[in-house]
Amino acid sequence: MSLDYLKAQISTVRQEAARAQTFHSEEAQRISRDPNFTDAYKDELTKTNTETAKTKLRDLREKEKALVADKAKEIEKALDAKAGHTGSDIIAFRDAQDRAEKISDADEAERIIARALRNNDDTLAYAVFRRALEARWAKAVNLFADEKPDATEAAKDLVNIREEQTNNFERAMHYAYFG
């Protein structure tokens with residue numbers, strides 16, 4: 001899996017945000033310079049322009065967040081599918097997920113992944129791997145990825161997406177309107 005397409009989509013949305021910021025900033029300047037407008041009318045137009053800009057940028061920010069979340073779900077589904085499709089596989093995976101959710105620290109996750117991999121218990125290994133991804137326990141994630149090269153790229157993509165989901169400052173800067 002490659003995140004190139006997602007990055008291109010995000011770039012397109014951010015370019016649209018930049019265009020919106022430029023348009024609304026220029027509109028704000030045009031309003032403030034127009035000698036035919038009263039101060040009260042300028043205030044009204046400026047307020048409307050600002051609200052329109054903020055709404056547009058908020059919608060674009062939400063669009064970006066949805067793109068990232070959708071890609072994360074797609075990768076998670078692909079990884080979960082590796083646990084199997086039969087009824088017994090699904091039950092085993094659900095039980096393994098219940099066990100993985102109870103893991104409270106990275107060391108415990110590493111021990112359980114290592115044991116599961118040694119015992120060819122892929123179901124438990126995948127479940128703990130998913131827990132480690134959510135908790136950002138890098139050593140446990142890497143341990144799993146090293147042993148399961150078919151999942152390595154997807155695992156790395158999911159880690160990168162998790163980082164993208166939590167990088168709120170960078171996202172905020174792309175969608176802020178300073179009018």
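Whatever comes next refers back to the structure up there.
Cut-offs and rules
Residues numbered from 1 in each chain as written. Predicted model: local features only at pLDDT ≥ 70, side-chain atom pairs only at ≥ 80, totals over all residues. Heavy atoms only, no water. Patch = residues over 30% accessible without salt bridge, like charges linked within 9 Å, V, L, I, M, F, W, Y side chains within 5 Å. Areas by Shrake-Rupley, 256 points an atom, 1.4 Å probe, with all protein chains shown as cover. Salt bridge = Lys/Arg side-chain N within 4 Å of Asp/Glu carboxyl O. Helix = DSSP H or I, 4+ residues; strand = E, 2+ residues; numbered from the N terminus. Buried < 20%, exposed > 50% of the residue type's maximum accessible area, 1.4 Å probe, protein only. Axes fitted to C-alpha atoms, helices over the stretch in contact; angles between N-to-C directions. Left-handed = near helix turned anticlockwise from the far one by under 90°. Contact = heavy atoms within 4.5 Å. Parallel < 35°, antiparallel > 145°, perpendicular 65-115°, else oblique. Nonpolar A, V, L, I, M, F, W, Y, C, P; charged D, E, K, R; others polar. Lys, Arg positive; Asp, Glu negative; His and termini not counted. Charge placed at Lys NZ, Arg CZ, Asp CG, Glu CD. Phe/Tyr/Trp six-rings, centres within 6.5 Å; stacked < 30°, edge-to-face > 60°. Expected span 1.5 Å × (residues − 1). Arc of directions from axis to C-beta. Polar contact = N/O pair within 3.5 Å; in protein donor to acceptor, adjacent residues only side chain to side chain.

Enquirer: I keep staring at a nonpolar patch on the surface and nothing clicks. Help me out?
Expert: A cluster of nonpolar side chains, contributed by F169, M173 and F178, occupies part of the molecular surface with about 420 Å² of accessible area. Looking at the element boundaries, F169 is found in helix α8 (residues 168-174). The exposure class of F169 is exposed, given its relative accessible area of 63%.

Enquirer: Please clarify how the packing of helix α5 (residues 122-135) against helix α6 (residues 138-147) should be interpreted in this entry.
Expert: Geometrically, a packed helix pair is captured by the angle between its two axes and the distance between the axes. Viewed as axis vectors pointing N to C, α5 and α6 meet at an angle of 145°, and their least axial separation amounts to 8 Å. Relative to α6, α5 is oriented so that their crossing is left-handed. On the side of α5, the interface is formed by A125, Y126, F129, A132 and L133, while α6 contributes A140, V141 and F144.

Enquirer: Is there a simple way to explain the packing of helix α2 (residues 39-81) against helix α7 (residues 149-166) in this structure?
Expert: The interhelical angle for the contact between α2 and α7, taken along N-to-C directions, is 155°, at an axis separation of 10 Å. It follows from the interaxial angle that α2 and α7 lie roughly antiparallel. The element α2 and its partner α7 pack so that their crossing is left-handed. Here E64, V68, A69, K71, A72, I75, E76 and L79 of α2 lie close against α7, whose contacting residues are A151, A154, D157, L158, I161, R162, E164 and Q165. Split by residue class, the contact of α2 with α7 holds nine nonpolar, one polar and six charged.

Enquirer: Sorry, what's going on with a positive patch on the surface here?
Expert: On the surface, R99, R111, R115 and R118 cluster together to form a positively charged patch. One can find R99 in helix α3 (residues 87-101).

Enquirer: Looking at this structure, how should I read the side chain of R14?
Expert: Looking at the secondary structure, you find R14 in helix α1 (residues 4-33). Taking the relative accessible area as the measure of exposure, R14 reaches 14% and is therefore buried.

Enquirer: When you look at the packing of aromatic side chains in this model, what are you seeing that I'm missing?
Expert: The geometry of two aromatic rings is summed up by the distance between their centres and the angle between their planes. By the definition in use, this model includes three aromatic pairs. Between F129 and F144, the aromatic rings sit 4.2 Å apart at their centres with planes inclined by 20°, giving stacked as the arrangement. Of the two residues, F129 is situated in helix α5 and F144 in helix α6; the sequence distance between them amounts to 15 residues. F144 sits in the buried class, given a relative accessible area of 0%.

Enquirer: In this structure, what is going on with helix α4 (residues 106-118)? I would like to understand it.
Expert: Note on helix geometry: an α-helix contains 3.6 residues per turn, so any two residues three or four positions apart are oriented the same way. Its 13 residues place the ends of α4 18 Å apart at the C-alpha level, agreeing with the 18 Å of an ideal helix rising 1.5 Å per residue. Turning to α4, its buried residues number three or more, namely A109, I112, I113, A116 and L117. Considered in projection along α4, the buried side chains sweep an arc of 130° and stay on one side of the axis. In α4, the exposed residues that point more than 90 degrees away from the buried face are D107, R111 and R118. A distance of 3.1 Å separates the backbone nitrogen of D107 from a side-chain oxygen at the start of α4, and that oxygen is part of D105. One or two residues past the end of α4 sits N120, with phi positive at roughly 60°.

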